[in-house]
There are 2 protein chains.
Amino acid sequence: MTYCVGLKLNAGLVLLSDTRTNAGLDNIACYRKMFFFEERGERAIVVMTAGSLSVTQTTLARLNEAIHDEMADETTSIMKAQTMLQVATIIGDTLSRTRREIAEQCRDLRQQASASMIVAGQRRGGDMRMYLIYPEGNFIEATEDTPFLQIGEHKYGKPILDRVVTPATSLADAQKAVLLSMDSTLRSNLSVGMPLDLAIIARDACAVTTRRRIGEGDADFARMSAAWSAALRDSFVNISI
Amino acid sequence: MTYCVGLKLNAGLVLLSDTRTNAGLDNIACYRKMFFFEERGERAIVVMTAGSLSVTQTTLARLNEAIHDEMADETTSIMKAQTMLQVATIIGDTLSRTRREIAEQCRDLRQQASASMIVAGQRRGGDMRMYLIYPEGNFIEATEDTPFLQIGEHKYGKPILDRVVTPATSLADAQKAVLLSMDSTLRSNLSVGMPLDLAIIARDACAVTTRRRIGEGDADFARMSAAWSAALRDSFVNISI
């Protein structure tokens, strides 16, 4: 499986994904699930993926092919689209078409080939937007009321987000929140694994302002994870029933 | 949905269930999901249920019918079974048969009729045992390494259990752990709801030593829940990245 989470805050977009991919328990591999489409100062788009690797890779390859196509226009290239809504529509259409084709190829298997994506970004002159794109190509958007979106193994890491994230959350606190949300997921579900990819698109920068890969041996993450465990245990001990 | 959790500790068995049942989002009702079979000092068995209400109610009705049948013997009545293993086998067989019958009746619907159960207890002279019974009637048992079992919406409440529960956990701490695990689930998933049923079978008592219904207005639970939220937020604020 996968865990990807995105926050849409007043201060910017904060995105985190894991990298574990598995076909059965005996075939585990590491694949990046976070992809960048950027023209610094003009537009920054981050796409995170969950689901069948053949569907997500082919969808991304087609999005890239469309970008580099000489005939590309605003209806086919996410780097030329006029709005983030148009970006989401192009990605949704490409995902849906790819998924249907691969599902057709896999018809004789009992296996489902499906995938979903989180798309976040901003274009100069436009608003920051973040969408969750479903396998069928339709999508929903993060709002003031629900400033986060998750794909993959989303349940373990939801309680911490429900408690601490609001649109007013700072970028520093938001990084903490998504990393702790991921930490709970990593501990409770083997199908989600390190390394992690973290990205921030600060409001109106129209650029990926922070980009960090957090590896197995990352001292900061290990320290934060240990401190959180200790704090949870202390809180647990101190609460009376 | 449902959330039920059971801990098997050196000091005893600790069980907690919610009561929300829904058929679609517009048909929500409150049904007990925790059932007691007790002959104080001789045997205490607690059954918790998740899944299709028609399957779980019919299974429980059949288990009760078998107990009150004059012809009942150790192979049909869980109050006469010689061991907890035999209890689990009887319940598994009854669940599996009921599920198959109802699934057959529902064949024309696209809906699945399925259910699973947690069965925990002790018989005088025997060991405490706790089983998770699958819809097919087979089961797994809680062990030293994994002293808890969950059914229903188990993911939200798993991180806290993973962090704090070991076989050496005291009964007081265990109550805290299951209540906080439930609290996270209640906050993040609407399909799990109050009131809650809590039961404890202290080691070698062969009786349900604590039995508590925790309602919407329960002051102790509200205080604990608020204290936990505050502690989590404080811990969050104090952790640096």
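- In the annotation of an unreviewed UniProt entry, chain A is listed under the name Peptidase and assigned to Paracoccus lichenicola.

## Side note on the overall build of chain A
Inference 1: Within chain A, the regular secondary structure consists of 5 helices and 12 strands.
Inference 2: Within chain A, the fraction of its 241 residues that count as buried is 54%.
Inference 3: Within chain A, residue pairs in contact and separated by at least 24 positions form 62% of the contacts whose partners lie at least 6 positions apart.
Inference 4: If the 27 positive side-chain charges of chain A are averaged to one point and the 29 negative ones to another, these points end up 3 Å apart.

## A few points about the nonpolar core
Burial of nonpolar side chains together is a common tendency in soluble globular proteins.
Inference 1: Within the largest apolar cluster, 60 residues are counted, with the highest numbers of intra-cluster contacts made by Leu7 of chain A together with Leu7 of chain B.
Inference 2: Beyond its immediate sequence surroundings of up to four residues, leucine 7 of chain B is in contact with Gly12, Leu13, Val14, Met130, Pro147, Phe148, Leu161, Val165, Ala174 and Val178 of chain B.

## Considerations on the relation of the copies chain B and chain A
Inference 1: Laying chain B over chain A is done by rotating through 180° and shifting 0.0 Å along the axis; what remains is an RMSD of 0.0 Å. The superposition of one copy onto the other is thereby described by a two-fold rotation axis. Closest approach to the rotation axis within chain B is made by the C-alpha atom of tyrosine 156 of chain B, at a distance of 2.3 Å.

## Digging into the sheet that holds strand S9 (residues 139-141) of chain B
All names here are of chain B.
Inference 1: Strand order in the open sheet formed by 5 strands is S5-S6-S7-S8-S9, with antiparallel pairing between adjacent strands. One side of each edge strand has no neighbouring strand; the edge strands of this open sheet are strand S5 (34-39) and S9. Averaged over all pairs of adjacent strands, the angle between their axes in this sheet comes to 20°, without regard to strand direction.
Inference 2: Here strand S6 (residues 43-51) runs beside strand S7 (residues 115-123); their pairing, made up of 9 bridges, is antiparallel. The residue bridging alanine 50 from the neighbouring strand is serine 116, located in S7.
Inference 3: Along the sheet, helix H1 (residues 53-68) contacts S5, S6 and S7; its crossing angle with S7, the most-contacted strand, is approximately 35°.

## Points about the packing of aromatic side chains
Inference 1: Inspection of every chain in the model, using the stated rule, returns 2 aromatic pairs over all chains.
Inference 2: Each ring, one from tyrosine 131 of chain A and one from phenylalanine 139 of chain A, has its centre 5.2 Å from the other, and the planes form 70°; the classification is edge-to-face.
Inference 3: The class of tyrosine 131 of chain A is buried, set by a relative accessible area of 1%.
Inference 4: Stacked on the ring of phenylalanine 236 of chain B, the Lys or Arg lysine 176 of chain A has its end atom at 4.8 Å from the ring centre.
Inference 5: Here the guanidinium or amino end of arginine 211 of chain B rests over the ring plane of phenylalanine 36 of chain B, the centre of that ring lying 3.8 Å away.

## Section: empty space enclosed by the protein
Inference 1: Using the criterion set out here, one finds 2 cavities of 30 Å³ or more in the structure.
Inference 2: What lines the largest cavity is a set of 14 residues, among which Pro159 and Ser184 of chain A together with Pro159, Ser184 and Leu232 of chain B lie closest to the centre.
Inference 3: Counting only elements with at least two residues in the lining of the largest cavity, the list comes to helix H3 (158-164) and helix H5 (219-238) of chain A together with helix H3 (158-164) and helix H5 (219-238) of chain B.
Inference 4: Across the lining of the largest cavity, the residue classes tally to 10 nonpolar, 2 polar and 2 charged.

## Side note on the pattern of salt bridges
Residues and elements named next belong to chain A.
Inference 1: The final tally for this structure, using the stated rule, is 32 salt bridges over all chains.
Inference 2: The shortest N-O distance in the salt bridge between aspartate 183 and arginine 187 comes to 3.8 Å. With aspartate 183 and arginine 187 both in helix H4 (residues 171-188), this residue pair falls 4 residues apart, about one helical turn.
Inference 3: According to the relative accessible area criterion, arginine 187 is partly exposed, its value standing at 41%.

## Concerning the interface of chain B and chain A
Inference 1: Residue-level contacts link 33 residues of chain B with 33 residues of chain A.
Inference 2: Taking both sides of the interface into account, the surface hidden between chain B and chain A amounts to around 3300 Å²; carbon and sulfur atoms contribute 63%.
Inference 3: When residues of chain B are sorted by the area they lose upon contact with chain A, Arg163, Phe236 and Ile241 of chain B head the list and together hold 28% of the total.
Inference 4: The residue aspartate 183 of chain A makes a salt bridge to arginine 163 of chain B at a minimum N-O spacing of 3.4 Å.
Inference 5: Seen at the junction of chain B and chain A, the total is 19 residue pairs in polar contact (both at pLDDT 80 or more).
Inference 6: It is H5 of chain B that contributes the most residues to the side of chain B that touches chain A, 11 residues altogether.

## Focus: the layout of surface pockets
Inference 1: Counted as a void, the largest pocket has a volume near 630 Å³.
Inference 2: Around the largest pocket, the lining is made up of 29 residues, and of these Thr21, Asn22, Gly51, Ser52 and Leu53 of chain B lie nearest the centre.
Inference 3: Looking at the lining of the largest pocket, the elements with two or more residues in it are strand S3 (20-22), S6, H1 and strand S10 (148-152) of chain B.
Inference 4: Looking at side-chain class alone, the lining of the largest pocket contains 10 nonpolar, 16 polar and 3 charged residues.
Inference 5: The calculated volume of the second largest pocket comes to roughly 520 Å³.
Inference 6: Along the wall of the second largest pocket there are 28 residues; nearest its centre are Thr21, Asn22, Gly51, Ser52 and Leu53 of chain A.
Inference 7: When contributions to the lining of the second largest pocket are tallied by element, the ones reaching two or more residues are strand S3 (20-22), strand S6 (43-51), helix H1 (53-68) and strand S7 (115-123) of chain A.
Inference 8: Per-class residue counts for the lining of the second largest pocket are 12 nonpolar, 13 polar and 3 charged.

## Examining the pairing of S6 of chain A
All names here are of chain A.
Inference 1: Along S6, 8 of the 9 residues are buried, which leaves the element largely enclosed by surrounding structure.
Inference 2: In the sheet, strand S5 (residues 34-39) pairs with S6 via 6 bridges, with the strands oriented antiparallel. Considered in S6, the bridge of phenylalanine 36 is made with valine 46.

## Concerning the side chain of threonine 94 of chain B
Residue and element names in this part refer to chain B.
Inference 1: For threonine 94, the location among the structural elements is in helix H2 (residues 84-105).
Inference 2: On the accessibility criterion, threonine 94 (8% relative accessible area) is buried.
Inference 3: When near neighbours in sequence (up to four residues on either side) are disregarded, threonine 94 contacts Thr59, Arg62 and Leu63.

## A look at unusual backbone geometry
All names here are of chain A.
Inference 1: That bond from methionine 194 to proline 195 is cis: its omega, -10°, falls within 30 degrees of zero.
Inference 2: Positionally, proline 195 belongs in the loop between H4 and strand S11 (196-202).
Inference 3: We note that cysteine 206 has phi near 50°; this positive angle belongs to a residue other than glycine.
Inference 4: Of note, cysteine 206 is situated in the loop between S11 and strand S12 (210-214).
Inference 5: Judged by relative accessible area, which is 3%, cysteine 206 ranks as buried.

Conventions adopted
- Residues numbered from 1 in each chain as written.
- Chains lettered and ligands numbered in written order.
- Predicted model: local features only at pLDDT ≥ 70, side-chain atom pairs only at ≥ 80, totals over all residues.
- Heavy atoms only, no water.
- Helix = DSSP H or I, 4+ residues; strand = E, 2+ residues; numbered from the N terminus.
- Buried < 20%, exposed > 50% of the residue type's maximum accessible area, 1.4 Å probe, protein only.
- Contact = heavy atoms within 4.5 Å.
- Lys, Arg positive; Asp, Glu negative; His and termini not counted.
- Charge placed at Lys NZ, Arg CZ, Asp CG, Glu CD.
- Core = buried A, V, L, I, M, F, W, Y, C linked by side-chain atoms within 4.5 Å.
- Least-squares fit on C-alpha atoms with pLDDT ≥ 70 in both.
- Pairing = 2+ DSSP bridges.
- Axes fitted to C-alpha atoms, helices over the stretch in contact; angles between N-to-C directions.
- Phe/Tyr/Trp six-rings, centres within 6.5 Å; stacked < 30°, edge-to-face > 60°.
- Lys NZ or Arg CZ within 6 Å of the ring centre and 35° of its normal.
- 1 Å grid on protein atoms, 1.4 Å probe; cavity = no way out; pocket = protein on both sides within 12 Å on 5 of 7 lines; lining within 4 Å.
- Points joined across faces, edges and corners; volume = space filled by probe spheres on them.
- Nonpolar A, V, L, I, M, F, W, Y, C, P; charged D, E, K, R; others polar.
- Salt bridge = Lys/Arg side-chain N within 4 Å of Asp/Glu carboxyl O.
- Buried area = accessible area lost by both parts, 1.4 Å probe.
- Polar contact = N/O pair within 3.5 Å; in protein donor to acceptor, adjacent residues only side chain to side chain.

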